[in-house]
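For reference, the chains in residue letters:
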Amino acid sequence: MAIANEEQAEYWGNSASGVKWLTFEDQLDHLMTPVLKLVLDRADLELGTRVLDIGCGTGASSIEAATCVGPDGHVLGADISSSFLDRARSRAADAGLKNTEFQHADAQVFPFKAEDRDALISRFGVMFFADSIAAFSNMAKALKPGAQMTFAAWGSLYGNPWFRIPHIAAISRLGDMPKVDRYAPGPMAFHDIDHVTGILAKAGLTDIHADSVQLDLNGIGTELDSAALCMRVGPAARVISHFEGTAKDIAAIEASVARELAHFVTANGLKIPALINLYQARRGA
């Protein structure tokens, strides 16, 4: 398989940080259920639709999409991590789905079958390309003329306590991380709507629309449970790893995060506000 994004392939396929997404699959899928619902609602998939799911991870998005399109439709889930795809295949088989397939692929360069798909979706799977213009241009080739892509990305750090709170808690305890390019491949790379719509236009896409959507992520049990997850994935984990934080540091950061998350406890459990950028564009006719 051709790889243009070797660093991402190593991270998601082999690093301890990437493998954590397998370990905490259930919790992360639960957390992000409202985001997947947003993507699928906006994609408005119909029975019989052929879908390409980019960055499908362990399969939650592909499985939900397969349910939407029914047995006459088809979902091709693509991801750069072979271990994620093994899990996705297992989950689809357990669900009894016959209309799903999974492809190990770097979507920036993979030769998807041309004009084969009626729609493209992604839940947080397209912010990691070294060359986003080339990636979207390549992915668009898989779409039929006029077909639409719909994908979600994180909005600003300020609007996303799930990232902001653990980040502040960790650097307050251990110190600032080295500065990085705000648009570098990573979870927050598509926070700037104008920047991303510009990428889509340069990739040759048309009918480009984007908006910021406020929703609530599902907390993982109590604020203490959610804080514990923050210590394992996301910005706090990266800061702790960089500064080789001790068990005492981890406990202090976790307690700080839990105190802040307590502000989001509702009668229906922990609901964490999130700002999600939802993008849509079409392959030109």
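Just above, that's the structure.
Residues numbered from 1 in each chain as written. Predicted model: local features only at pLDDT ≥ 70, side-chain atom pairs only at ≥ 80, totals over all residues. Heavy atoms only, no water.

Caption draft 1: The packing of helix 8 (residues 161–174) against helix 12 (residues 247–261), seen in detail. Two elements in contact, helix 8 and helix 12, have axes separated by 9 Å at closest approach and are oriented at 140 degrees. If you check the angle between helix 8 and helix 12, you find them oblique. The hand of the helix 8/helix 12 crossing is right-handed. Along the contact surface, helix 8 presents I165, P166, A169, A170, R173 and L174, while helix 12 presents K248, D249, A252, I253, S256, V257, E260 and L261. Here the residues of the contact of helix 8 with helix 12 sort into 9 nonpolar, 1 polar and 4 charged. (Axes fitted to C-alpha atoms, helices over the stretch in contact; angles between N-to-C directions. Helix = DSSP H or I, 4+ residues; strand = E, 2+ residues; numbered from the N terminus. Parallel < 35°, antiparallel > 145°, perpendicular 65-115°, else oblique. Left-handed = near helix turned anticlockwise from the far one by under 90°. Contact = heavy atoms within 4.5 Å. Nonpolar A, V, L, I, M, F, W, Y, C, P; charged D, E, K, R; others polar.)

Caption draft 2: Spotlight on the pairing of strand 5 (residues 143–154). Most of strand 5 is tucked away, with 9 of its 12 residues classed as buried. Looking at chain direction, strand 4 (residues 117–123) and strand 5 are connected through 6 bridges and run parallel. Across the sheet, A119 pairs through a bridge with Q148, a residue of strand 5. Taken together, strand 4, helix 7 (residues 132–140) and strand 5 form a β-α-β motif whose crossover is right-handed. (Buried < 20%, exposed > 50% of the residue type's maximum accessible area, 1.4 Å probe, protein only. Pairing = 2+ DSSP bridges. Right-handed = clockwise from strand over helix to strand, strands pointing away.)

Caption draft 3: Representation of the nonpolar core within the structure. Of all hydrophobic cores here, the largest spans 83 residues; its most connected members are I54, F112, F136, W154 and F190. One finds I63, L85, A88 and F102 within the second-largest nonpolar core, a separate group that totals 6 residues. (Core = buried A, V, L, I, M, F, W, Y, C linked by side-chain atoms within 4.5 Å.)

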